[in-house]
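# Coordinates in review
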Amino acid sequence: MPDSPNDPTTTQDLSTKMIQRASKLWLYIALIGLIGLGITTYLTSTALSNTDVGCSISGCNTVLSSKWAKILGIPVSAFGMSTYAVIMLGALHAYQSPVEDTKGGMLVIAASLVGAVASIYLTALEIFVIKAFCQYCLASGALVFVALAVLFTGLRNELQLR
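As the structure is a prediction and not an experimental result, all values here were calculated from the model. (Residues numbered from 1 in each chain as written. Predicted model: local features only at pLDDT ≥ 70, side-chain atom pairs only at ≥ 80, totals over all residues. Heavy atoms only, no water.)

Right, let's talk about the overall build of the protein for a bit. A tally of helices and strands in the protein yields five helices and two strands. Across the protein, helices and strands are ordered from the amino to the carboxyl terminus as α-α-β-β-α-α-α. Residues counted as buried form 38% of the 162 residues belonging to the protein. In the protein, of all internal contacts separated by at least 6 residues, the share reaching a separation of at least 24 is 74%. Total accessible area on the protein is roughly 9600 Å²; 67% of this is exposed by carbon and sulfur atoms. (Helix = DSSP H or I, 4+ residues; strand = E, 2+ residues; numbered from the N terminus. Buried < 20%, exposed > 50% of the residue type's maximum accessible area, 1.4 Å probe, protein only. Contact = heavy atoms within 4.5 Å. Areas by Shrake-Rupley, 256 points an atom, 1.4 Å probe, with all protein chains shown as cover.)

Further remarks concern helix H4 (residues 103-130). Here H4 spans 38 Å end to end across 28 residues, near enough to the 40 Å set by a 1.5 Å rise per residue. Those residues of H4 lying buried are Gly104, Gly105, Val108, Ile109, Ala111, Ser112, Gly115, Ala116, Ser119, Leu125, Glu126 and Ile130. Phi turns positive one or two residues past the end of H4, at lysine 131, with a value near 60°. (Expected span 1.5 Å × (residues − 1).)

Glancing now at the nonpolar core. Of all hydrophobic cores here, the largest spans 31 residues; its most connected members are Trp26, Ile29, Ile87, Val108 and Tyr136. Looking at this core, the elements with two or more residues in it are helix H1 (8-48), helix H2 (60-64), helix H3 (76-96), H4 and helix H5 (135-161). Here this core gets eight residues from one element, more than from any other, and that element is H1. Leave out the neighbours within four places in its chain, and isoleucine 29 touches Ile87, Ala91, Val108, Ala147, Val150 and Leu151. (Core = buried A, V, L, I, M, F, W, Y, C linked by side-chain atoms within 4.5 Å.)

The next thing to look at is H3. Since there are 3.6 residues in each turn of an α-helix, residues three or four apart along the chain are aligned in direction. With 21 residues, H3 ought to run about 30 Å at 1.5 Å a step, and its terminal C-alpha atoms sit 31 Å apart, in line with that. If you check which residues of H3 are buried, you get Val76, Ser77, Ala78, Gly80, Thr83, Tyr84, Ile87, Met88, Gly90, Ala91 and Ala94.

Applying the stated rule across the entire model yields one disulfide. There is a disulfide in this structure between cysteine 55 and cysteine 60, and the S-S distance comes to 1.9 Å. By relative accessible area, which is 1% here, cysteine 60 ends up buried. (Disulfide = S-S within 2.5 Å.)

Topologically, leucine 143 is positioned in helix H5. Assessed through its relative accessible area of 14%, leucine 143 is described here as buried. Spatially, the C-alpha atoms of leucine 143 and glycine 36 are 6.6 Å apart, while their sequence positions differ by 107 residues. Among all residues touching leucine 143, those that are not within four sequence positions of it are Ile32, Ile35, Gly36, Ile39 and Tyr84.

What follows covers the side chain of serine 119. Note that serine 119 resides in helix H4. Here serine 119 is in contact with Gly141, Val144 and Phe145, once residues within four sequence places are set aside.

With that settled, consider the packing of H3 against H4. The interhelical angle for the contact between H3 and H4, taken along N-to-C directions, is 155°, at an axis separation of 8 Å. Overall, the two elements H3 and H4 adopt an arrangement that is roughly antiparallel. Taken as a pair, H3 and H4 cross one another with a handedness that is left-handed. Contacts from Val76, Thr83, Val86, Ile87, Gly90, Ala91, His93 and Ala94 of H3 reach H4 at Lys103, Gly104, Gly105, Leu107, Val108, Ala111, Ser112, Gly115 and Leu122. Of the residues assigned to the contact of H3 with H4, the class counts are nine nonpolar, seven polar and one charged. (Axes fitted to C-alpha atoms, helices over the stretch in contact; angles between N-to-C directions. Parallel < 35°, antiparallel > 145°, perpendicular 65-115°, else oblique. Left-handed = near helix turned anticlockwise from the far one by under 90°. Nonpolar A, V, L, I, M, F, W, Y, C, P; charged D, E, K, R; others polar.)

Shape is all these values report; function is a separate question.
Take a look at the structure:
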C-alpha cells in the first residue's frame, strides 16, 4: 500500500511539500520587504534632500514636514528602511537555511511586529494629530501588516502539516 500513513515515501513527500511551501512563504515576505524598502528609501531620500514628494493626495508633505516625521533629526522613514531591510534579509536567510534554523524567521517576526506597532502609532498621529494622510506612509503600514498576515498564515499552515 504506497498511500498508507506509515509509508516512508508518503511522509517524505509531505515533508518536501512543507519545505516547498515554506520556501515560497519566505520569498513572498522578502518581496514585501523589498517593496517596503523601496517606499521608505524614496521617503528618506526626499526628506534628506528637503524636496516634496510626488503625491496624489494633498497631505503627504504635511505629514512628512510635521514634527513627528523625525526622531533625533533622523527621518522616521529611515527607521522604516531598517525594518524592511531586516524583514527582507531575514526572509532570504530563512529561505536559504535548513528548516530547523529559525534565526531568519525570528528576525522577520520581530521586525514585522515592531513595524506594525510603529505603523499603528504613526497612523494614529496622522488621523488624530496631524489630520493629514500620506499615501506612502499608509502603504508602508499596510505592507508590514501584509507581511504579518502572510507570515502567520504560512506558519499556521506549516504547523498543521506537522
